[in-house]
Amino acid sequence: GRIAYTMGWARGNNDGDPNDELNVFQVRDERNMDMLWGNSTYDRRHVLNLSGQMEVPGTGGMTLSAVGRYMSATPFTIHNSNFDLDQNGLSPDPVAAGSYSGSGQNAMTVDNAGGLRGAYGADYFQLDMRIGYRLRATGVQTVDIFGEIFNATNRVNFNNPTRDMRSGNFLVPTSLLAGGYPRQFQIGVLYGF
């Protein structure tokens, strides 16, 4: 078995994204650099991975294994594109701190600290499992027969929701996180030599 845990904390005024080259808080000659400081889009406080494999005693070759992954949410900026509060022609202008709720099916409610990336979306969890049986062939040759189930809990893992209060999908998750597929099962045979 193996357990891996990482605690992270990422702050800054530029995430290295080409869009960050534009200072959305600059008003004429006033750069307002302090307003750019905040959570990084890469701020993921907790990442936990649990994995293990075992050969079931008395079965002559049956193996069980599993991998579980948990990641806490990433930050995003809540804004309203109807307003340009600093009147510099650039967006997004973050909304004030507070609790915000979306409307519609699957809408979220988030606590927003205000400023850039002051709100956090949904966390991530996935459990993958495998059961297999190893047949010994001649010499060092082996044949493995296995079944694998991905996302065994069938949990939906979304990207951050729509951030613009003007949108009809405000705080509604509309896309899956990469690799966030529904439960899947596959079987296979592996010949080792």
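Residues numbered from 1 in each chain as written. Predicted model: local features only at pLDDT ≥ 70, side-chain atom pairs only at ≥ 80, totals over all residues. Heavy atoms only, no water.

Engineer: Explanation requested: a nonpolar patch on the surface in the structure shown.
Structural biologist: Residues Tyr133, Leu135, Ile145 and Val189 make up a contiguous nonpolar surface patch of about 350 Å² in total accessible area. Mapped onto the secondary structure, Ile145 falls in strand S11 (residues 142-150). (Patch = residues over 30% accessible without salt bridge, like charges linked within 9 Å, V, L, I, M, F, W, Y side chains within 5 Å. Areas by Shrake-Rupley, 256 points an atom, 1.4 Å probe, with all protein chains shown as cover. Salt bridge = Lys/Arg side-chain N within 4 Å of Asp/Glu carboxyl O. Helix = DSSP H or I, 4+ residues; strand = E, 2+ residues; numbered from the N terminus.)

Engineer: What exactly am I supposed to notice about the nonpolar core here?
Structural biologist: One recurring pattern in soluble globular proteins: nonpolar side chains tend to sit buried together. Counting residues in hydrophobic clusters, the biggest one holds nine residues: Phe76, Ile78, Val95, Tyr100, Met108, Val110, Ala119, Phe170 and Leu171. Aside from chain neighbours lying at most four places away, what touches Leu171 is Phe76, Ile78, Tyr100, Ser101, Gly102, Asn106, Ala107, Met108, Val110, Pro161 and Thr162. (Core = buried A, V, L, I, M, F, W, Y, C linked by side-chain atoms within 4.5 Å. Buried < 20%, exposed > 50% of the residue type's maximum accessible area, 1.4 Å probe, protein only. Contact = heavy atoms within 4.5 Å.)

Engineer: Help me understand the packing of aromatic side chains in this model?
Structural biologist: In this description, an aromatic ring pair is defined by two values, namely the gap between the centres and the angle between the planes. Under the defined criterion, the tally for this structure stands at one aromatic pair. In this arrangement the basic side chain of Arg130 is found over the ring face of Phe146, its NZ or CZ atom lying 3.9 Å from the centre. (Phe/Tyr/Trp six-rings, centres within 6.5 Å; stacked < 30°, edge-to-face > 60°. Lys NZ or Arg CZ within 6 Å of the ring centre and 35° of its normal.)

Engineer: Would you mind going over the environment of Asp111 with me for this structure?
Structural biologist: Among the secondary structure elements, Asp111 is positioned in strand S8 (residues 109-112). Sequence separation of Asp111 and Ser99 is 12 residues, and the distance between their C-alpha atoms is 4.4 Å.

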